[in-house]
There are 2 protein chains.
Amino acid sequence: MKKLVGNLLYGQSGGPTSVINASAYGVIKESLENQNIIKDVLMMKHGIQGALNEDFIFISKQDEEDIELLKHSPGAAFGSVRYKMADFNEDDTDYVRLLYIFQEYNIRYFLYNGGNDSMDTCDRISEYMKNVGYEVRVIGVPKTIDNDLPFTDHTPGYGSAAKYIINTIMEISCDMLAYPKGKVTIVEIMGRHAGWLTAAAAVATKNGFGPDLIYLPEVPFSIEKFKKDVEKVYNKKSQCLVAVSEGLSNSEGVFLASSSALKDAFGHFQLGGVSSKLSQIVNNEMRISSRNIELGTTQRSAAHLQSLTDVNEAILVGKAAVKFAIEGKSGIMVTIERESSSPYKVSYKKQPLYKIANKEKAIPKSMINQDGNFVTDEFIDYVMPLIQGENIPKYYDGVQHFSKMKNGIIKK
Amino acid sequence: MKKLVGNLLYGQSGGPTSVINASAYGVIKESLENQNIIKDVLMMKHGIQGALNEDFIFISKQDEEDIELLKHSPGAAFGSVRYKMADFNEDDTDYVRLLYIFQEYNIRYFLYNGGNDSMDTCDRISEYMKNVGYEVRVIGVPKTIDNDLPFTDHTPGYGSAAKYIINTIMEISCDMLAYPKGKVTIVEIMGRHAGWLTAAAAVATKNGFGPDLIYLPEVPFSIEKFKKDVEKVYNKKSQCLVAVSEGLSNSEGVFLASSSALKDAFGHFQLGGVSSKLSQIVNNEMRISSRNIELGTTQRSAAHLQSLTDVNEAILVGKAAVKFAIEGKSGIMVTIERESSSPYKVSYKKQPLYKIANKEKAIPKSMINQDGNFVTDEFIDYVMPLIQGENIPKYYDGVQHFSKMKNGIIKK
């Protein structure tokens, strides 16, 4: 293996998770342990946009406390972005610029932390640099609360979001059960094409306070079937708690709720409003009082209720990325392989970026019940190890503290 | 003081808080310490409705573990209700029934845990029993996340809801700041006529991740003023985080968002939708991307992020209610008097129920800034002691456990 000495450039991309900064922590720690190879660690301010604009945050300029707090800080401490790189065969402007920056700052390690879209960016950069003969090791660091990346047992960020959803929905359930004649409460959970997060709500049910019905994007949604399901539960219990994915669609694949006016940079529709729509149907067509709750961005940012397992894995994924890069690997994303569920044991492997870019992993059929309105025990067995342990923050005067990177943007 | 031997009847009423069950715990513990006077503790199932229907939960039949878990259980472990008692001069049906039940079960202590509306119920029952000469000591136990009861420095439930809102809005802020060009994010917080909860969001701002603007029901809301305020912040920061009370109304007192179709048993409009309405204004009229987040019922049920100060006070308020009753007091509600803020010290006092029933305490002018879009340091000094300490739950396999009262309803 050739020893490649130079600087490491790390960036965050796409929707934040509550542990993406823990992966940054892993990258930083592993880099600092290999200072004979990695001379300096630069963070892109707002992902690839920061790289193109020469907006960097230098780790060597930060306080130790802010680095340690990364394990407890939600959002994207270095800034995230949704930016789609063009095909370099059609327009290589950004790539030429990036090559200049890589040369200027002696970037030999490029680590990009994101989901499917970000792995596409990563893959394109890797290919371009190979084509022009610039030696740089490009590694994808996975993250997404959606848990929809292929070739990895799960993704960092999922376990914490799942834990937050489970515990929050138990609390919502308690609140609903307080009244003698309850409402039909519909909770909307993130997940565009994959229902992993919504499915997690079933753990709340296993613990006595959870949804009666769960609807996932993997199952074509029928409003008539939904009304029948709700009626059945309500007639029996005088209450009904429903968990729905934001990405529910009918048998033709048309989203139940979407605003065609709002598309993100990758052409995805911004979803939201499924629970409100269903709640109106229950109120108006079924004449049962209904309320809806959208859990919103707290799902991906609830640092105060992280899964310790998830935090530790996020750190180890970041470290593995640096290790693979030093070993000479490139054009790959780190994956998590589950060796066993009980006792829970994983190892860190890799897959080529092109296999992962822009692909989505849905919940397998065996994890969804026959009726298409709940999950099976196979799913419960899958998810339980991922929510174990708490990463309780230190509260100062009742309030959490988060990392604040010094000086923000440092231009060369 | 005459020693009045008999049974104690306790009920929960109105919207749950995350610590109302801690008050129940206080009532139970203090009663058990006075078994020479209080022979048995009966809990109404769903408040006054349970009393009228003879649906009781007997504490003597419960497991110790479920009693202890009350300190960590959200919702209303014994069931809540919204039920308006008639004026007994006009219709005494419910009162005659209640008198029969009191006699039948030898109820000599009647403790009712709720907000303004519940104190009205409590007051009416107290007056009726006095009129008919039935000896029973009637005590109101305060609770409401809204913090709007008069004659008490604050109410149990408020500190925990405030703590949850502060920490959650910090996380939402981090998530918003992740992107280079942020949105205008509008967070909707509970509070019909009083903005105490919304105001608490300012603590997040003091900690570096909070709203730029705060709008309270105490200040007549002007959409034009709001647009100017948002524009000013957005032009400077390219982002804007706004916290709004659900109960915003214009200078004529007309709610910004309300559905006239939905009124509760006390004739209050069910609110909600303010943030959605404002978000549409920002999107359509200001042409700035905006998203809205309604924190929903998690605000009042987030047991996993309780203020330890609040939990302990809720217990002590419950104990004080029993102590006052044993001392011979009746027709009163327990109040919390702040003796000093630094060091924080309170004592438990009392006020006649009629003074409290149906009244609401707004935020004083001195706690709101001149511009009417934020709070002053006086408010911060007021709220800080109330969010101190964490009542971290014990997680079992990553999940909280809540009280489950045995057998539910036990009919005589």
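Residues numbered from 1 in each chain as written. Chains lettered and ligands numbered in written order. Predicted model: local features only at pLDDT ≥ 70, side-chain atom pairs only at ≥ 80, totals over all residues.

**Concerning the interface of chain B and chain A**
At the junction of the two partners, chain B supplies 51 residues and chain A supplies 51 residues. Every element with two or more residues in the side of chain B that touches chain A is listed here: helix H6 (158–177), strand S9 (290–294), helix H11 (298–301) and strand S13 (399–400) of chain B. At 10 residues, H6(B) tops the list of elements feeding residues into the side of chain B that touches chain A. A class-by-class count of the residues in the side of chain B that touches chain A yields 24 nonpolar, 19 polar and eight charged. (Contact = placed C-beta atoms within 7 Å. Helix = DSSP H or I, 4+ residues; strand = E, 2+ residues; numbered from the N terminus. Nonpolar A, V, L, I, M, F, W, Y, C, P; charged D, E, K, R; others polar.)

**Things to note about the sheet that holds S9(B)**
Residue and element names in this part refer to chain B. The strand order across the open sheet built from four strands is S7-S8-S6-S9, with neighbouring strands paired in parallel fashion. One side of each edge strand has no neighbouring strand; the edge strands of this open sheet are strand S7 (213–215) and S9. The average angle at which neighbouring strand axes cross in this sheet is 20°, direction not considered. Sheet topology places strand S6 (residues 184–189) next to strand S8 (residues 240–245); six bridges connect them, and they run parallel. Residue pairing for S8: Val184 is matched across the bridge by Cys240. Contacts between H6 and the sheet are confined to S6, S8 and S9, with S6 contributing the most and set at about 165° to the helix. This element, helix H9 (residues 223–237), spans S6, S7 and S8 of the sheet and lies at about 155° to S8. (Pairing = 2+ DSSP bridges. Axes fitted to C-alpha atoms, helices over the stretch in contact; angles between N-to-C directions.)

**Looking at the confidence of the model for chain A**
In low-pLDDT segments, the atomic positions of the prediction should not be examined closely. Residue and element names in this part refer to chain A. Looking at chain A as a whole, the pLDDT averages 93, with 95% of positions reaching at least 70. The model gives residues 408–412 a pLDDT under 50, and that stretch makes nine contacts with residues more than four places away or in other chains. Interface predicted TM-score (ipTM) for the complex: 0.94; the corresponding pTM is 0.95. (pLDDT = per-residue confidence, 0-100.)

**Here's the deal with the relation of the copies chain B and chain A**
Screw-axis analysis of chain B against chain A gives a translation of 0.0 Å along the axis, an RMSD of 0.0 Å, and a rotation angle of 180°. Put plainly, the chains are arranged around a two-fold axis. (Least-squares fit on C-alpha atoms with pLDDT ≥ 70 in both.)

**Some points on the sheet that holds strand S7 (residues 213–215) of chain A**
Residues and elements named next belong to chain A. The four strands are arranged S7-S8-S6-S11 in an open sheet whose pairing can be described as parallel. On the outer flanks of this sheet lie S7 and strand S11 (290–294), each paired with one strand and no other. Between one strand axis and the next, the sheet turns through 20° on average, direction left out of account. Where S7 and strand S8 (residues 240–245) come together, three bridges link them in parallel fashion. Paired with Leu213 across the bridge in S8 is Val242. Contacts between helix H6 (residues 158–177) and the sheet are confined to strand S6 (184–189), S8 and S11, with S6 contributing the most and set at about 165° to the helix. Strand contacts of helix H9 (residues 223–237): S6, S7 and S8, with the helix running at about 155° to S8, the strand carrying the most contacts.

**Quick word on the packing of helix H1 (residues 20–32) of chain B against helix H12 (residues 308–326) of chain B**
Residues and elements named next belong to chain B. Following both chains from N to C, one finds H1 and H12 inclined at 40°, their axes separated by 7 Å at the closest point. As judged from the angle between their axes, H1 and H12 are oblique. The two elements H1 and H12 cross, and the hand of that crossing is right-handed. Contacts from Ala22, Ser23, Ala24, Tyr25, Gly26, Val27, Lys29, Glu30 and Ser31 of H1 reach H12 at Val311, Ala314, Ile315, Leu316, Val317, Gly318, Lys319, Ala321, Val322 and Lys323. (Parallel < 35°, antiparallel > 145°, perpendicular 65-115°, else oblique. Left-handed = near helix turned anticlockwise from the far one by under 90°.)

**Things to note about H1(B)**
Residue and element names in this part refer to chain B. Here H1 contains 13 residues, and its C-alpha end-to-end distance of 19 Å stays within 8% of the 18 Å for a straight helix at 1.5 Å per residue. Summarising burial for H1: 11 of the 13 residues are buried, a large majority. Here H1 has its buried residues at Ile20, Asn21, Ala22, Ser23, Ala24, Tyr25, Gly26, Val27, Ile28, Glu30 and Ser31. Looking at the buried positions of H1, the neighbouring elements they touch are strand S1 (6–12), strand S2 (38–44), helix H3 (64–69), strand S4 (107–114), strand S5 (137–142) and H12. (Expected span 1.5 Å × (residues − 1). Buried ≥ 20, exposed ≤ 12 C-beta atoms within 10 Å, placed from the backbone.)

**Looking at the pairing of strand S1 (residues 6–12) of chain A**
Residue and element names in this part refer to chain A. Burial analysis of S1 places five of its seven residues in the buried class, the great majority of the element. Here four bridges tie S1 to strand S2 (residues 38–44), and the two strands are oriented parallel to one another. Paired with Gly6 across the strands is Ile38, a residue of S2. A crossover connection joins S1 to the parallel S2 through helix H1 (residues 20–32); in handedness this β-α-β unit is right-handed. Of the pairings in the sheet, the one linking S1 to strand S4 (residues 107–114) comprises six bridges and is parallel in character. Looking across to S4, one finds that Tyr10 is bridged to Leu111. (Right-handed = clockwise from strand over helix to strand, strands pointing away.)

**Here we look at helix H10 (residues 274–284) of chain A**
Structurally, the α-helix is built with 3.6 residues per turn, so residues lying three or four positions apart point the same way. Residues and elements named next belong to chain A. Looking at H10, one finds that the buried residues are Val274, Ser275, Leu278, Ser279 and Val282. Along the axis of H10, the buried residues cluster in a sector spanning 125°; they form a single face. Counted as exposed and oriented over 90 degrees from the buried face of H10: Gln280 and Asn284. (Arc of directions from axis to C-beta.)

**Here we look at unusual backbone geometry**
Residue and element names in this part refer to chain A. Residues Ser342 and Pro343 are joined by a peptide bond in cis, for which omega reads 0°. Looking at where Pro343 falls in the secondary structure, it is placed in the loop between strand S12 (332–341) and strand S13 (344–352). Backbone geometry places His46, a non-glycine residue, at a positive phi of 65°. Structurally, His46 is set in the loop between S2 and helix H2 (47–53). One non-glycine residue with positive phi stands out, namely Ser238, at about 60°.

**Regarding the domain arrangement of chain A**
Residues and elements named next belong to chain A. Segmentation of chain A into domains returns domain 1 (6–146 + 303–359 + 389–411) and domain 2 (158–299). Each of domain 1 and domain 2 has a C-alpha centre, and the two are 32 Å apart. Each residue belonging to the side of domain 1 that touches domain 2 can be placed in one class, and the counts come to four nonpolar, five polar and five charged. (Domains from an automatic or database assignment.)

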